[in-house]
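Secondary and tertiary structure notes
The primary structure of each chain is shown beneath.
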Amino acid sequence: MQTTDIGSKGNGKIWHRKPSPASSDGVMVNVIHSAAGYPSKTVRFLHAAFDTTGDAFLAGDHHGNVYVFDLNRNRFNLVQKTGQSCTALAFNLRRKTEYLVALADYSIKCFDTDTKELVSWMRGHESAVSSVSVHGSGRYAITTSTDTAQLWDLDTFQRKRKLNVRQSVGIQKVFFLPLSNIILSCFKDGSIFAWESDTLHCKYQLPVPEEGPKLHYKAFAVTQDGRVLVAGGKSNCLHLWCLDTRQLLRVIQMPPKVRTVRSLVFLPDSFDGGSSQVLGVLSQDGILRFINIQTCKLIFDIGSHDDGIGSAVIAPNGHYIVAVMENGSLNIYNVQSLTQDVNKPPPPLVKVITDFDRGKASRDPVPGLKMKVASGRVERPVKTRDSKAQTRILRPPADTLEDKENELPEGLNKKRLQALLKGFGEYPAKYRMFIWRSLLRLPENHAAFSSLTDKGTHSAFVRLHEVYPIKSTKLQRVLQRILSSLAHWSAIFGEIRYLPLVAFPFVKLFQNNQMICFEVIATVIMNWCQHWFEYFPNPPLNVLSMAENVLAHHDKELLQHLVNCGVTSQLYAWPLLETLFSEVLTREEWLKLFDNVFSNHPSFLLMAVVSYVISSRAPLIHCTLKDDFEYFFHHRNNLDINAMIKETYRLMDSTPSDLHPQRMLNDFEPLTRGQYPVFNKYPTFIVEYQSQERERIRQQELEYLRERQIAHELESEAVKRKAGDEAWYKQQELLQEAEEQRRKILLEEENKLVAQRVRLAAMKREMKVKELHVIDASRRRFLKYQQDQKKMELRRLDDEIDRKRSLREQETGTAVQDIEIRQMELEAQRRMFEQQLAKEQERVTQEVKGEVDACRRKAEIEDHMLYKLIETDACHDIGAKTKVEEALAEADQLCTDTDWQVEMISRQQQADTDRERDYQVLARLSRGARAKEGQILNLMKEVEGKREWEHM
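What counts and how
Residues numbered from 1 in each chain as written. Predicted model: local features only at pLDDT ≥ 70, side-chain atom pairs only at ≥ 80, totals over all residues. Heavy atoms only, no water. Helix = DSSP H or I, 4+ residues; strand = E, 2+ residues; numbered from the N terminus. Buried < 20%, exposed > 50% of the residue type's maximum accessible area, 1.4 Å probe, protein only. Contact = heavy atoms within 4.5 Å. Areas by Shrake-Rupley, 256 points an atom, 1.4 Å probe, with all protein chains shown as cover. pLDDT = per-residue confidence, 0-100. Salt bridge = Lys/Arg side-chain N within 4 Å of Asp/Glu carboxyl O. Arc of directions from axis to C-beta. Axes fitted to C-alpha atoms, helices over the stretch in contact; angles between N-to-C directions. Parallel < 35°, antiparallel > 145°, perpendicular 65-115°, else oblique. Left-handed = near helix turned anticlockwise from the far one by under 90°. Nonpolar A, V, L, I, M, F, W, Y, C, P; charged D, E, K, R; others polar. Phe/Tyr/Trp six-rings, centres within 6.5 Å; stacked < 30°, edge-to-face > 60°. Lys NZ or Arg CZ within 6 Å of the ring centre and 35° of its normal. Patch = residues over 30% accessible without salt bridge, like charges linked within 9 Å, V, L, I, M, F, W, Y side chains within 5 Å. Pairing = 2+ DSSP bridges.

1. As for the overall build of the protein
Each helix and strand counted, the protein has 20 helices and 32 strands in total. Counting all 952 residues of the protein, 39% fall into the buried class. Once local pairs closer than 6 in sequence are excluded, the contacts in the protein between residues at least 24 apart make up 57%. Carbon and sulfur atoms make up 52% of the accessible area of the protein, which amounts to about 56,400 Å² in all.

2. Section: the confidence of the model for the protein
Per-residue confidence for the protein averages 80 on the pLDDT scale, and 84% of its residues sit at or above 70. Within the protein, helix H15 (residues 604-615) carries the highest mean pLDDT (92), whereas helix H2 (residues 358-363) carries the lowest (37). This stretch, residues 16-22, has a pLDDT under 50; its non-local contacts, to residues over four places away or in other chains, come to eleven contacts. Below a pLDDT of 50 lies the segment residues 375-405, which in the model reaches 31 contacts outside its immediate sequence neighbourhood of four places, other chains included.

3. So, the pattern of salt bridges
In this structure the tally under the stated criterion is 34 salt bridges. Here Glu-703 ties to Arg-706 by a salt bridge, and the two come within 2.3 Å at their closest N and O atoms. Separated by three residues within a single helix, Glu-703 and Arg-706 lie in helix H19 (residues 684-872), roughly one turn from each other. Exposure remark for Glu-703: the relative accessible area of 33% places this residue in the partly exposed category. Linked by salt bridges that have partners in common, Arg-94, Arg-95, Glu-98, Arg-139, Asp-153 and Asp-155 make up one network.

4. Section: the environment of Thr-523
Locating Thr-523 in the fold gives a position in helix H9 (residues 514-527). With a relative accessible area of 0%, Thr-523 lands in the buried category. Taking the C-alpha atoms as reference points, Thr-523 and Leu-671, 148 residues apart in sequence, are found 6.4 Å from one another. In this structure, Thr-523 is in contact with Leu-440, Leu-442, Trp-528, Phe-668 and Leu-671, ignoring residues within four places of it in sequence.

5. Here we look at helix H5 (residues 446-453)
Buried residues of H5: Ala-448, Phe-449 and Leu-452, and no others. An end-on view of H5 places all buried positions within 95° of arc, on one side of the element. On its buried face, H5 sits against helix H7 (473-489) and H9.

6. Some words on the packing of H15 against helix H18 (residues 641-654)
What describes two packed helices is the angle between their axes and the distance between those same axes. For the pair H15 and H18, the least separation of the axes is 8 Å and the interaxial angle reads 120°. Of the possible angle classes, the one that applies to H15 and H18 is oblique. As H15 packs across H18, the resulting crossing turns out to be right-handed. Every residue of H18 that contacts H15 at Phe-604, Met-607, Ala-608, Val-610, Ser-611, Tyr-612, Ile-614 and Ser-615 is listed here: Met-644, Glu-647, Thr-648, Tyr-649, Leu-651 and Met-652. Tallied by class, residues from the contact of H15 with H18 come to ten nonpolar, three polar and one charged.

7. With respect to the packing of aromatic side chains
Evaluated as defined, the whole model comprises 37 aromatic pairs. Summarising the aromatic geometry, the rings of Trp-489 and Phe-518 are spaced 6.1 Å apart at their centres and angled 70° between planes, so their arrangement reads as edge-to-face. Taken together, the positions of Trp-489 in helix H7 and Phe-518 in helix H9 put the pair 29 residues apart, joining distant regions of the chain. When its relative accessible area of 13% is taken as the criterion, Trp-489 is described as buried. Plain terms: the ring middles of Phe-594 and Phe-598 are 5.5 Å apart, the flat faces sit at 65° to each other, and that makes the pair edge-to-face. Of this pair, Phe-594 and Phe-598 are both found in helix H14 (residues 587-598), four residues apart, which corresponds to roughly one turn of the helix. With respect to burial, Phe-594 and Phe-598 carry one shared label: buried. The ring of Trp-121 carries Lys-109 above its face, with NZ or CZ at 4.1 Å from the centroid. Above the face of the Phe-175 ring, Lys-173 is positioned so that its terminal group lies 5.4 Å from the ring centre.

8. Considerations on a nonpolar patch on the surface
The grouping of Leu-702, Tyr-704 and Leu-705 at the surface amounts to a nonpolar patch, some 270 Å² of accessible area in total. Tracing the backbone through its elements, the reader meets Leu-705 in helix H19.

9. Quick look at the sheet that holds strand S11 (residues 108-112)
As summarised here, the arrangement of the four strands in space is S9-S10-S11-S12, forming an open sheet in which the pairing is antiparallel. One side of each edge strand has no neighbouring strand; the edge strands of this open sheet are strand S9 (86-90) and strand S12 (118-122). Across the sheet, the mean angle from the axis of one strand to that of its neighbour is 20°, orientation sign disregarded. In this sheet, strand S10 (residues 98-103) lies alongside S9 in antiparallel orientation, the contact comprising four bridges. Each residue of the ladder has a partner; that of Ala-88, found in S10, is Ala-102.

Written as structure tokens, this is what we have:
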């Protein structure tokens, strides 16, 4: 193991690690960042992130420094100083040189590793960003904090969506699923939701397991195909979810030493088709354990109690592991050295088949196995009360000599497969790849294939994208890697121009499993491409002759027509062979054809070529131009593939043995296990001559480039010298011009100085005049101030006079009001006195009336007594007495009336006296009021006169 201290080295230095790891624990290099001037003080690394190739990674430390480590060139470089510690990194954007870094100020910045410039600055989070997930296309990114998750468009760096949650339910992690547009959001309450990234509509929610302890999910990992999710938390158990069925597949129990799962990460494998099987589990003890999620075997572990791992990232190609240690350093592991035992052939396994009660399985939230992880063995499944496991051991059947050659490694029988193929015309699409692998008996040499891929891109296919462009960059990269592996396997494959045409259909089918793709192509070349390279670089004339002999035997007329039109087998047979029918058949037709090709003798492919020509007899007979034939055999045509395959079987059965290609071709032979066989069935001297010629041409090109570089350097030196001389002369001219210019400037400055002095004298005079104006203005201002003061004093006096006048007016008004009130009171008293006089007069009147009534009654009584007296006196002298009595009565009445009149007159006089007295009092009061009014009027006249005098 090599230890590198990047604190004592500049950017871009080499850390001098060995090509292959020398340490038994797989550590290639240990990177320590010491502070400048303090070698004993370490700057802690916080996060790391790989790029899409897996050959370089970013690392950010506590001081905000971001480094790029290139594992292929053994170099590192300081690409940014952010000044803040980073909280998350992402290095797999669409633009390969750009990366995202989340900082402690809750912002996310995008930098470029080449220019080291800031590309964009994204804000919006109110808490620290804990993770950054980038979509597989590299266009979108999701940043997650405890309270929100935000979706960003990395083309415009604008926020598209924002996911807010309640404070009581925090966000644990939000990330993209691989190979899809689904976003998975995991919350702290254990709920997991899946959303459409375009519309953000909830697609589904994973059910919460009702049985067993809750794990309180904290760590998550998804396989490369995006079909299986693993979640763990505060427990030593892991939940395996199938995202297609939304069901819990299995509960894996880690060893008792594991109490909490801190992180989960899958180890990519290019041979598993994206369904990652090896899972890394980082626990609280700082040890990263790698287990197989299918067999639950503990494969290997890294880290220790003394040197614990804080976090880890794995390269997308699965070659390296970068662990951020708890002490702040970086450990870079080589996966190949850690998995040496894994690449060995596996021992025979005993398969355990478990059947569950379907009724119970529908109710049980955990329909899978609960298995414990053990080192090197698989423990029995934990039995539950509601389910019983039935176990049986699969034993291989007894071998028979007659069927031994038809038995395939997976227990399939070739004759049965051929019968199935003849019955249905093709293999089931679901099992086609498995059947092909079984028919071809692929050895799956992981180590051998890895050694070929480790050699890198072959020089013959460096510019493959220019010669053979493909729209999909992934497919282009896989094709380049497969062709490079074939060229490293045998030198001739670097010289064959049609090799991409042969390999492309299989690359498109097996692009997710490159080792299988390589072995399928190699098997096809070894068996179905026999004798193809004997006449290299010319087409295989011997193979084409075999096809032409078969065509001549079965359809002489058609062959004669082709000969008459100047069409040879190189025009009608070789295009079909060099493309393996991929140009003239659709995908379904091609798959159906190769179901039959792989199930029969290698000569079946040549018979298929002859069958294609015979089946196209009608349009070929009508063709006469050579260009028409060339177009026909390079484009799709209206052909019944089933009839063509049927015709092929007829040709296989009806062709004579002396003409049959089977006589010239060997039987099928699979690739050898462990190492691939040596392929030298080609004229080596031609290939070597071509390689030597190519090397000679390359050397000549290098020599030419060297000479051209020298010529360019000499020319550049001459140009530099000429430019230097011209620059010197120009500089001299510029100096002379500058001297003349400075003299002119000096003269101008002297003139300016004289003019400035004149202006200065004028300014002094102007200042004097301004000073006099200012003094005069200040004097006038003082006089105006005095006048203003006097006016203010007069205004104050006027205000005082107005105040006093208003006060007097108020007092006068109050007095007038008092007089009016008093007059009203006197009027009220007068009316009261009049009422009293009226009442008294009424009382006297009543009394007089009473006395009059009494006198009348008295008179009546006297008259009555008089009458009685008269009657008693015998009525004598009635007339005299009557007159006397009437005279007396009238006299008495006159006396009474006179007394009453006298009394009334005396009372009337008394009332008149009282009224006169009241009138005198009122007149006196009125005279007093009029006197006061005169005084007020005089006072008002005096005030008005004073005001007029003041205004004059």
